[in-house]
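A closer look at the structure
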Amino acid sequence: MIDNTVEKSTYIDKLSKTLIAIALLALAIYLGKDILIPLALGTLLAVLLRPIEAFLIRRGFPKVLAISLAVTTSVLILAGVIFLLSIQFSDFADQLPKLKKNINDSYRQARRWIRREYSLSYWQQDQYLKKAQTQTIENLQNSEAIGSITGTLGTLVLIPIYAFLLLYYRTMFLHFCIVLFTEKHKPKVLEVLGEIKTIIQSYMVGLLVETTVVASLNSIGLLVLNVQYAILLGVMAAILNLVPYIGGLIATVLAILVTFINHPDGFTLFGVIIVFVVVQFIDNNFLVPYIIGTKVKINALVSILGVLIGGALAGFSGMFLSIPAIAILKAVFDRVDHLKAWGILLGDETPDKTILKLDKALKDAEKAKLKKG
């Protein structure tokens, strides 16, 4: 009985420390997001560029030059994509008056229909709209999402600098992680570091492949419907899709809004919705499981909660970083004895009935043995 009480006390003690550590980690992310988010994005970029750096070093390039070329190449590619999108945006800006006119026409038609069907006068409709507008403005003023996004954009220049420094001092950081633990834990630490590297590289490469495929499918579908700015909308939707679950919905609404400029008819708008629904179905059931899911084995419930928590803690960037962060935590939890249960909770592997029955039989046998003793 004493041993059982001591074991229970030890378990509660470990659980309390784990929950406190998670709470402190969340608090640190929330308070230090302006510093930690660019550093985390720089870490992802550094891990992604590591194979390029290694390739250049094998070809005889000095380490500093190899890192500089890898980082510069990534910056130029990103700048090229932004430049192409900005050209499309400038063309789209010229269409804003037409969009306003179409919205106003539809707005007047909707008001006439509401007045005819529900006997609400124009004055009553205006009162409802003013009330809703006031509430929306208050919510936006209280929200920190916009501030989080602009804050992250303001520190984008730090990301390539962090990536360069992390690549340059990579061996020092690895040595620090190894020395931080005792000698007996060294093999497990090396195993965890290796898996984290594999997870990040696989996730980032898979994400690039998935984004390219989704952008292509979106653009092809919109081009078939003869939607203006089809390529712009397809690429933007693919970029927004980097935020799991929520990004796809935002992309669909944005595409409908832009399509409304030149195609206010219901047929084309319905076709746009069908295109995005089909692409999302292909993405969720084929691309993500086979391209990303093979390395990032996280269940859907944890993914959704992680995205929402990441958004609450660090805005748009927190949403994007939530999935690799959870995958890294799972890799650590799976190799720490008293945290393995948390790893099971985050994972997507459901134990079969045979394992559950065997586990129950072992527990029953242990209880019977304790009663006899």
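These lines cover the structure that appears in this document, whether it is placed above or below.

Conventions used here
Residues numbered from 1 in each chain as written. Predicted model: local features only at pLDDT ≥ 70, side-chain atom pairs only at ≥ 80, totals over all residues. Heavy atoms only, no water. Core = buried A, V, L, I, M, F, W, Y, C linked by side-chain atoms within 4.5 Å. Buried < 20%, exposed > 50% of the residue type's maximum accessible area, 1.4 Å probe, protein only. Helix = DSSP H or I, 4+ residues; strand = E, 2+ residues; numbered from the N terminus. Phe/Tyr/Trp six-rings, centres within 6.5 Å; stacked < 30°, edge-to-face > 60°. Contact = heavy atoms within 4.5 Å.

A few points about the nonpolar core
Within the largest apolar cluster, 37 residues are counted, with the highest numbers of intra-cluster contacts made by Val296 and Ile298. Elements supplying a minimum of two residues to this core: α2 (33-58), α3 (63-93), α7 (158-168), α9 (186-224) and α13 (300-333). In terms of residue count, the dominant contributor to this core is α13 (11 residues).

A few points about the packing of aromatic side chains
Going through the model one piece at a time under the given rule, you end up with 2 aromatic pairs. A ring pair is formed by Phe164 and Tyr168, whose centres lie 6.4 Å apart and whose planes are at 5°; its orientation type is stacked. On the criterion of helical spacing, the pair formed by Phe164 and Tyr168 is a turn pair, its members being 4 residues apart in helix α7. Both rings, one in Tyr168 and one in Tyr169, keep their centres 4.9 Å apart while their planes meet at 90°; by these two values the pair is edge-to-face. The class for Tyr168 is partly exposed, based on a relative accessible area of 33%. Among the residues examined, Tyr169 registers a relative accessible area of 36% and is labelled partly exposed.

Observations concerning the environment of Ala331
With respect to the helices and strands, the residue Ala331 is situated in helix α13. When its relative accessible area of 2% is taken as the criterion, Ala331 is described as buried. Note: C-alpha distance between Ala331 and Gly347 (16 residues apart in sequence) is 9.9 Å. Excluding its chain neighbours within four sequence positions, the residues that come into contact with Ala331 are Val192, Glu195, Ile196 and Ile199.

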